[in-house]
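What follows is each chain in one-letter form.
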Amino acid sequence: MSINKESDVEANIQIGPTTLGMVRIYIEGEGIEIPMDFTPEEAEEIAEEIRAAAAQARSIDK
């Protein structure tokens, strides 16, 4: 699936710290659970990528 392809799949996302000092992104959808753990530094890089993508999306004329 391409990043630009629309989808009807619904999922929930939770983000928070773990007891082991990691940051967990937990995605849950119909019949699937995906826990992903990242170091705090990796999580900050992901957050920066999300902010950059949001800024780019704002600049797109619709």
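The structure presented is a predicted model; accordingly, all values stated were derived computationally and were not measured.

Reading the values: rules and limits
Residues numbered from 1 in each chain as written. Predicted model: local features only at pLDDT ≥ 70, side-chain atom pairs only at ≥ 80, totals over all residues. Heavy atoms only, no water. Buried < 20%, exposed > 50% of the residue type's maximum accessible area, 1.4 Å probe, protein only. Helix = DSSP H or I, 4+ residues; strand = E, 2+ residues; numbered from the N terminus. Pairing = 2+ DSSP bridges. Axes fitted to C-alpha atoms, helices over the stretch in contact; angles between N-to-C directions. Contact = heavy atoms within 4.5 Å.

A.B. asks: Can you explain the pairing of strand β1 (residues 11-17)? Please cite residues and give values.
C.D. replies: Judged by how many residues are buried, β1 sits mostly at the surface: 0 of 7 residues are covered. One ladder, built from 7 bridges, connects β1 with strand β2 (residues 23-29); its direction is antiparallel. Across the sheet, the residue bridging to Ala 11 is Gly 29, located in β2. Between β1 and the antiparallel strand that follows it, β2, lie 5 residues; Gly 21 among them carries a positive phi value of about 80°.

A.B. asks: Could you give me a rundown of the sheet that holds β2, with the residues and numbers involved?
C.D. replies: As summarised here, the arrangement of the 3 strands in space is β1-β2-β3, forming an open sheet in which the pairing is antiparallel. Two strands bound the open sheet, and with one partner strand each, they are β1 and β3 (32-38). Strand-to-strand twist in this sheet, taken as the mean axis angle between neighbours without regard to direction, amounts to 15°. Relative to β3, β2 is paired through 7 bridges, and the arrangement is antiparallel. By the bridge assignment, Glu 28 is partnered in β3 with Glu 33. Sheet contacts for helix α1 (residues 40-59): β2 and β3; angle to β3, the most-contacted strand, approximately 110°.

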